[in-house]
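Understanding the architecture of this molecule
Given next are the chains, with one letter for each unit.
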Amino acid sequence: MSVSAEPTPAQPTERPVGNPAEQGSGSASVSAPAPGPASAPAGSAEALRPHAEDAFAAELAALAAQDDRPRPPRWRLSPWAVATYLMGGTLPDGTVITPKYVGPRRIVEVAVTTLATDRALLLLGVPGTAKTWVSEHLAAAVSGDSTLLVQGTAGTPEEAIRYGWNYAQLLAHGPSRDALVPSPVMRAMAAGMTARIEELTRIPADVQDTLITILSEKTLPIPELGQEVQAVRGFSVIATANDRDRGVNDLSSALRRRFNTVVLPLPESADAEVEIVSRRVDQIGRSLDLPAAPEGMDEIRRVVTVFRELREGITSDGRTKVKSPSGTLSTAEAISVVTHGLALAAHFGDGVLRAGDVAAGILGAVVRDPAADRVVWQEYLEAVVRERDGWKDFYRACREVSA
Ligand SMILES: Nc1ncnc2c1ncn2[C@@H]1O[C@H](COP(=O)(O)OP(=O)(O)OP(=O)(O)O)[C@@H](O)[C@H]1O
Ligand SMILES: [Mg+2]
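Now for a look at the structure at hand. All values reported here derive from a predicted model rather than from experimental measurement.

**Some remarks on the pairing of strand β7 (residues 194–198)**
On a regular strand, each side chain points to the face opposite its neighbour's, so the side chains alternate between the two faces of the sheet. Burial runs high along β7: 5 of the 5 residues are buried. Side-chain alternation along β7 places T194, R196 and E198 on one buried face and A195 and I197 on a second face that is also buried. Across 3 bridges, the pairing between strand β4 (residues 149–151) and β7 is parallel. Bridge assignment links L149 to a residue of β7, and that residue is R196. Pairing analysis gives 4 bridges linking β7 to strand β10 (residues 236–242), with the strands arranged parallel. Opposite A195, over in β10, you have V237 as the bridge partner.

Quick look at the structure:
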């Protein structure tokens with residue numbers, strides 16, 4: 001262990017901390033807006049969803065204070081501390097770091113190490129495997145800023161990756177650095193920070209190729225000005241892509257070579273998936289002011305079981321084959337179903353999550369294609385749910401919403 005027992009006091013937090021971390025305190029959750037001048041930076045106390053670096057500011061500060069391992073240039077934390085931030089742990093002074101990613105630690109170690117080399121990181125996987133989530137937390141832990149983000153779509157233009165122009169300025173004064181509007185990638189290069197590119201493979205292939213020079217030469221030429229922006233040490237790129245979507249462009253092999261690909265797997269066991277869902281539901285619920293649902297664990301396990309069985313095409317005891325519906329039924333969808341169920345229970349029930357609160361959500365997630373998926377669902381309902389011990393209430397609730 002090279003983490004010193006004594007916190008080093010000389011670690012200034014450079015970003016103003018807007019809201020004290022809202023997570024894991026165990027006490028009452030979201031408070032009314034504090035009186036006094038609204039000096040908090042945008043995107044903090046009142047944000048519907050604070051950025052990772054704000055939501056977990058206290059954990060990041062504690063890690064920075066106690067981390068005495070070497071840090072790559074411009075990194076806020078050492079690679080070891082970044083991995084600890086993602087996987088969770090307890091620091092020598094007793095500070096508890098909550099796990100953000102639930103899965104093999106090795107995956108996170110490989111991802112973090114990639115960022116410390118000169119290769120970019122590509123997080124690949126089926127929908128809902130936490131690619132975006134991991135990318136945000138990595139950027140927050142490494143650079144203290146997860147907002148240098150390009151959302152890839154079929155319409156993403158080159159300017160979104162390189163730079164654009166402020167046309168009023170351009171027409172009035174001609175091309176100049178003042179008229180140039182840097183992309184998040186350009187800003188990350190200049191500042192030695194982490195840029196994020198979401199859904200890389202949705203970006204048209206010729207636009208994707210803009211990244212080749214950036215990633216291999218680490219420079220972004222600005223021919224209009226006869227200048228270039230050279231990446232400063234500390235610059236890196238995290239891209240995400242999912243391998244299931246239709247209408248996805250392939251990565252050119254030239255670009256693929258510049259990325260180290262890390263595949264994020266589906267949760268390996270039902271227990272791991274239940275843990276992910278309950279952890280996230282708890283966090284989301286707190287940010288929505290929903291009451292905690294200590295008795296909701298059974299329902300969460302039920303949602304996860306249904307999703308896993310339908311996804312894998314076989315019941316958890318391995319006895320009965322079932323058909324899989326057309327949707328992906330990812331962990332992310334299980335999280336939405338349970339969160340929605342909790343809201344139903346809070347607003348229209350007695351606050352306790354019950355079968356009836358999740359049934360409609362499950363039906364909506366499973367039946368994407370009204371004809372084919374409905375048949376799959378009915379078969380599953382009659383052959384599996386109906387026969388299972390202790391699932392009568394759930395069967396009834398599902399029958400009610402399926403009718
Ligand atoms: N292994 C995991 N550990 C922690 N959280 C997880 C895990 N898998 C899924 N999640 C949760 O699932 C939710 C959705 O994840 P996210 O949006 O990052 O998925 P994604 O892989 O980017 O999906 P998409 O391909 O649809 O963009 C997040 O709230 C995340 O916390
Ligand atoms: Mg995503």
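Additional details are given in the paragraphs that follow.
**Describing the site of ligand 1**
Within the structure, ligand 1 sits among 19 residues, and A130, K131, T132, W133 and A332 are positioned closest to it. Put simply, the parts of the chain that give the shell around ligand 1 at least two residues each are α5 (131–143), β10, α12 (270–287) and α14 (331–348). Per-domain counts for the shell around ligand 1 show at least three residues from each of domain 1 (52–263) and domain 2 (270–402).

**Concerning unusual backbone geometry**
Of note in this structure, R74 is not a glycine but carries a positive phi near 65°. Its place among the elements puts R74 in the loop between α2 (57–66) and α3 (79–87). Overall, R74 belongs to the partly exposed group, with 17 C-beta atoms counted inside 10 Å.

**Focus on the packing of helix α16 (residues 372–385) against helix α17 (residues 392–402)**
Look at α16 against α17: their axes get within 11 Å of each other, and the N-to-C directions meet at 160°. By the angle class used here, α16 and α17 are roughly antiparallel. Both α16 and α17 take part in a crossing whose hand is left-handed. Residues W377, L381 and V385 of α16 form the contact with α17, whose own contacting residues are F394, Y395, C398 and S402.

Thresholds applied
Residues numbered from 1 in each chain as written. Chains lettered and ligands numbered in written order. Predicted model: local features only at pLDDT ≥ 70, side-chain atom pairs only at ≥ 80, totals over all residues. Buried ≥ 20, exposed ≤ 12 C-beta atoms within 10 Å, placed from the backbone. Helix = DSSP H or I, 4+ residues; strand = E, 2+ residues; numbered from the N terminus. Pairing = 2+ DSSP bridges. Near = placed C-beta within 6 Å. Domains from an automatic or database assignment. Axes fitted to C-alpha atoms, helices over the stretch in contact; angles between N-to-C directions. Parallel < 35°, antiparallel > 145°, perpendicular 65-115°, else oblique. Left-handed = near helix turned anticlockwise from the far one by under 90°. Contact = placed C-beta atoms within 7 Å.

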